[in-house]
Amino acid sequence: MSRHEGRAEQSGAGQPPPSTPALVTGATSGLGRSLARALADRGWTVLVHGRDEGRCAEVVGELRAAGGTAYPYLADLSSLKEAAELGRRVAAEHPSLGLLVNNAGVGAGRDSRRREVSRDGYELRLAVNYLAPVVLTHTLRSPLRAAGSAQVLNIGSIGQSPVDPDDVQFTRRYDGMEAYTRSKFALAAFTFTIAEEYAAEGIRVNCVHPANYMDTTMVTEAGVRPWSSVAEGTAAVLHAIDDGARGASGQYYNESRRAKAHRLAYSADTQRRLASLTDQLIAPAEGASGTGW
């Protein structure tokens with residue numbers, strides 16, 4: 001067992017007490033939608049996040065029709081203000097939150113040479129894949145702590161490239177795939193940065209690469225032939241949740257196996273520099289400043 005691990009307080013791996021809320025971002029398609037179904041089947045109250053009201057309503061309707069409990073939550077995570085507002089709304093309506101899955105993400109895009117920006121003017125992949133999860137996790141820290149035995153699971157990638165501290169916005173020699181892998185490196189480093197502190201509050205934090213090139217819109221949009229299925233990715237995510245319920249924290253999973261992320265993601269110096277840069281970027285978001293790591 002790692003130094004972050006402790007005895008799980010839940011009675012069964014991945015099985016929550018009745019009606020425990022779980023927020024899944026990007027839950028209206030692909031892996032997020034599949035995971036929402038799986039969590040509802042396990043008895044979680046699923047908070048379905050999406051950008052489109054109709055698609056959110058459709059997923060919520062599916063889960064309720066199958067006997068589950070679900071509620072829609074709309075937010076555009078390319079806006080850090082909306083990410084913070086989402087967190088505050090969830091915290092107000094669910095003061096005890098058992099699970100946060102930071103799943104919403106943006107891939108390399110149709111044209112990897114075209115640099116896109118978020119609503120805040122940040123490089124899009126950095127904003128959605130990394131900064132929004134940081135803001136959301138910070139904003140939801142109180143309800144996660146209140147649950148007594150909660151988890152944050154960051155959906156990462158085996159593709160990880162260190163962030164350039166001198167060009168965090170990737171303004172030079174831009175490449176969409178590298179922008180994606182930089183954002184996933186940052187997400188892994190964030191996982192390891194907060195894991196010990198959060199574990200002391202009963203919140204276990206892990207990161208998982210679900211599967212290689214799943215059959216999702218993100219993959220097909222990039223012109224890649226899928227290698228694996230969303231069902232395989234869902235199984236890997238559920239395995240990570242089960243391991244977290246047994247006490248695992250500060251872990252990186254390659255599919256259903258504990259593995260090692262990029263070596264620099266564990267570097268204390270890298271983590272400090274990234275935390276400082278991140279604090280500067282998220283400070284303008286209402287409610288995002290002063291939260292601490």
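Residues numbered from 1 in each chain as written. Predicted model: local features only at pLDDT ≥ 70, side-chain atom pairs only at ≥ 80, totals over all residues. Heavy atoms only, no water.

(A) Region of the structure containing the confidence of the model for the protein chain. Residues with a pLDDT of 70 or more make up 86% of the protein chain, whose mean pLDDT is 89. Across residues 1–12 the pLDDT falls below 50, and counting only partners more than four positions away or on other chains, this stretch makes 29 contacts in the model. (pLDDT = per-residue confidence, 0-100. Contact = heavy atoms within 4.5 Å.)

(B) View of unusual backbone geometry. The residue Phe170 is not glycine, and still its phi comes out positive at about 55°. One can find Phe170 in the loop between β5 (150–155) and α6 (176–199). Residue classification places Phe170 among the buried residues on the basis of a relative accessible area of 3%. At Glu255, a residue that is not glycine, the phi angle is positive and equals roughly 60°. When you line up the elements, Glu255 lands in the loop between β7 (252–254) and β8 (257–259). Owing to a relative accessible area of 25%, Glu255 belongs among the partly exposed residues under this scheme. (Helix = DSSP H or I, 4+ residues; strand = E, 2+ residues; numbered from the N terminus. Buried < 20%, exposed > 50% of the residue type's maximum accessible area, 1.4 Å probe, protein only.)

(C) Main features of the sheet that holds β7. Pairing in this open sheet of eight strands is mixed, and the strands run β3-β2-β1-β4-β5-β6-β7-β8 from one edge to the other. Only two strands of the sheet have a single neighbouring strand rather than two, namely β3 (69–74) and β8. Averaged over neighbouring strand pairs, the angle between their axes works out to 25° when direction is ignored. As paired strands, strand β1 (residues 21–24) and strand β2 (residues 45–50) are joined by four bridges and run parallel to one another. When the sheet's bridge partners are listed, Pro21 is paired in β2 with Thr45. Its contacts with the sheet put helix α4 (residues 124–139) on β1, β4 (99–102) and β5, and the angle it makes with β4 is roughly 170°. (Pairing = 2+ DSSP bridges. Axes fitted to C-alpha atoms, helices over the stretch in contact; angles between N-to-C directions.)

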